[in-house]
Amino acid sequence: MQELLLHCRPGFESEAAAEMQELANACGLAGYPVTREGAAIVRFVCPAEGDAGRLMRKLDFQSLIFTRQWALGDWLDVDPEDRITPVIQACAKGPLASLLWLETADTNDGKALAALLKKLRKPLESALGKTRFLRPNKTELPRLHLVFESGERLFVGWSWANNAAPWPMGIPRLRVPREAPSRSTLKLEEAWHHFIPREQWDSRLAPGMTAVDLGAAPGGWTWQLVNRHMKVIAVDNGPMNRKLMESGQVEHVQADGYLFRPKRPVHWMVCDIVDKPARSSALLATWLSRGWCREAIINFKLPMKRRYQEVMQCMAHVQDALDEAGLEATLACKQLYTDREEVTCHARIVRGHR
Ligand SMILES: C[S@@+](CC[C@H](N)C(=O)[O-])C[C@H]1O[C@@H](n2cnc3c(N)ncnc32)[C@H](O)[C@@H]1O
């Protein structure tokens, strides 16, 4: 298996490619990306046998910023007359799997293949079941990804649940709650799914915790915090959703988010103000280094050309501020499915001056 297939947001292929190239270099493994603008997929080819697998095992999927999902495998050409036989033969060359995921790139061309994928699902499952290749009860086994580029070409790959996204193509199936004041509510929910292991939600998103939401109106993010029974200070000059205010858990402060200071330290600071990433990262650095919050989620908007470099600079700036303040923290960025021209940054103080 010579390649890693990386799913990313359409238009962010060069960022996903640059990131993987840098990481492969740092691991001392030779490889190169192959992609085209708008493809929503990057191939990362490692010519030496075993290197692609080595690279996947060395990297922590959680730390990848622009890759939504990945798989290790190779490409396969198939004849539309019989696609099943060559797929079964290709699968037999790799490990047994617990799950079958049929995927495409996240593009219009990919969506156009939906009917074909629907038609292939049952016969593939049945053939893979007969050969005892699919073992649904063995969750420790990898997932099999069949990523269709067209009706005649697909990538046959594998990913391991403990080092990959939990959703096909890295796309979570989240629904906007009926009562939420805005669609942006999903951004915070997806960020929690990505950055906080599910078994820690009850301790890290606990009832009675306090939060500040900077740039809160109309209240999609505040709604998520209130839904976890937190007390929220919503900072925005714009109006907050009336029903959300009736919950009694929200104090609306009409002020500039950059000038607001909490009277007491809070558990969470979240911020969805649209601004230059350098300003957003400086704001995050201030909140963490002054001990105003323990955990934070903030968006870095990326309208500029050098987007990968910009994110790295922002992270370095926050890390410098943490080091200077003598704080130990986890710091990570991810381009979530709900993120457009932006990434979501998460920080959590693990050892500090409080
Ligand atoms: C993208 S919206 C936030 C949406 C919100 N997260 C939600 O889920 O409903 C950005 C908000 O930031 C606010 N904003 C912009 N600059 C601000 C500032 N300097 N201080 C506070 N709020 C600001 C705007 O008024 C706007 O309501």
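Residues numbered from 1 in each chain as written. Predicted model: local features only at pLDDT ≥ 70, side-chain atom pairs only at ≥ 80, totals over all residues. Heavy atoms only, no water.

## Description of the sheet that holds strand β5 (residues 99-104)
Right, on to step 1. In space, the 7 strands of this open sheet follow the order β2-β3-β1-β4-β7-β6-β5, with mixed pairing throughout. Both outer strands of the open sheet, β2 (32-34) and β5, are each paired with one neighbouring strand and no more. On average, adjacent strands in this sheet sit at an angle of 35 degrees to one another, irrespective of strand direction.
Right, on to step 2. One ladder, built from 6 bridges, connects strand β6 (residues 143-148) with strand β7 (residues 153-159); its direction is antiparallel. In the sheet register, Leu146 faces β7, and the bridge partner there is Val156.
Right, on to step 3. Across the sheet, helix α1 (residues 13-27) touches β1 (3-7), β2, β3 (41-45) and β4 (69-77), and the angle it forms with β3 is around 25 degrees.
Right, on to step 4. Most of the contacts of helix α3 (residues 84-92) go to β7, to which it runs at about 30 degrees, and overall it touches β4, β6 and β7. (Pairing = 2+ DSSP bridges. Helix = DSSP H or I, 4+ residues; strand = E, 2+ residues; numbered from the N terminus. Axes fitted to C-alpha atoms, helices over the stretch in contact; angles between N-to-C directions. Contact = heavy atoms within 4.5 Å.)

## Focus on the site of the ligand
Right, on to step 1. Every one of the 16 residues lining the ligand counts as a neighbour, but Ser182, Gly220, Asp236, Gly257 and Asp272 are closest to it.
Right, on to step 2. Within the backbone of Pro218, an N or O atom sits 3.5 Å from an oxygen atom of the ligand.
Right, on to step 3. One nitrogen or oxygen atom from the side chain of Asp256 is found 2.9 Å from a nitrogen atom belonging to the ligand.
Right, on to step 4. Summarising the interface, the protein chains cover 74% of the accessible area of the ligand, which totals 600 Å² for the free molecule.
Right, on to step 5. Its residues assigned to classes, the shell around the ligand comprises 7 nonpolar, 6 polar and 3 charged. (Near = heavy atom within 4 Å. Polar contact = N/O pair within 3.5 Å; in protein donor to acceptor, adjacent residues only side chain to side chain. Areas by Shrake-Rupley, 256 points an atom, 1.4 Å probe, with all protein chains shown as cover. Nonpolar A, V, L, I, M, F, W, Y, C, P; charged D, E, K, R; others polar.)

## Some remarks on the packing of α3 against helix α5 (residues 114-130)
Right, on to step 1. Look at α3 against α5: their axes get within 10 Å of each other, and the N-to-C directions meet at 45 degrees. The orientation of α3 with respect to α5, classified from their angle, is oblique. For the pair α3 and α5, the crossing hand works out as right-handed. Between α3 and α5, the contacting residues are Ile84, Val87, Ile88 and Cys91 on the first element and Leu120, Pro123, Leu124, Ala127 and Leu128 on the second.
Right, on to step 2. Classifying every residue of the contact of α3 with α5 by side-chain character gives 9 nonpolar, no polar and no charged. (Parallel < 35°, antiparallel > 145°, perpendicular 65-115°, else oblique. Left-handed = near helix turned anticlockwise from the far one by under 90°.)

## Quick word on the pairing of strand β11 (residues 266-271)
Right, on to step 1. Most of β11 sits inside the fold, with 5 of its 6 residues counted as buried.
Right, on to step 2. In this sheet, β11 lies alongside strand β8 (residues 210-214) in parallel orientation, the contact comprising 4 bridges. Counted as the bridge partner of Asp213 is Val270 from β11.
Right, on to step 3. Relative to strand β12 (residues 293-301), β11 runs parallel, the two being bridged by 5 bridges. The residue of β12 that forms the bridge with Val270 is Ile297.
Right, on to step 4. Read as a crossover between parallel neighbours, the route from β11 over helix α10 (residues 277-289) to β12 is right-handed. (Buried < 20%, exposed > 50% of the residue type's maximum accessible area, 1.4 Å probe, protein only. Right-handed = clockwise from strand over helix to strand, strands pointing away.)

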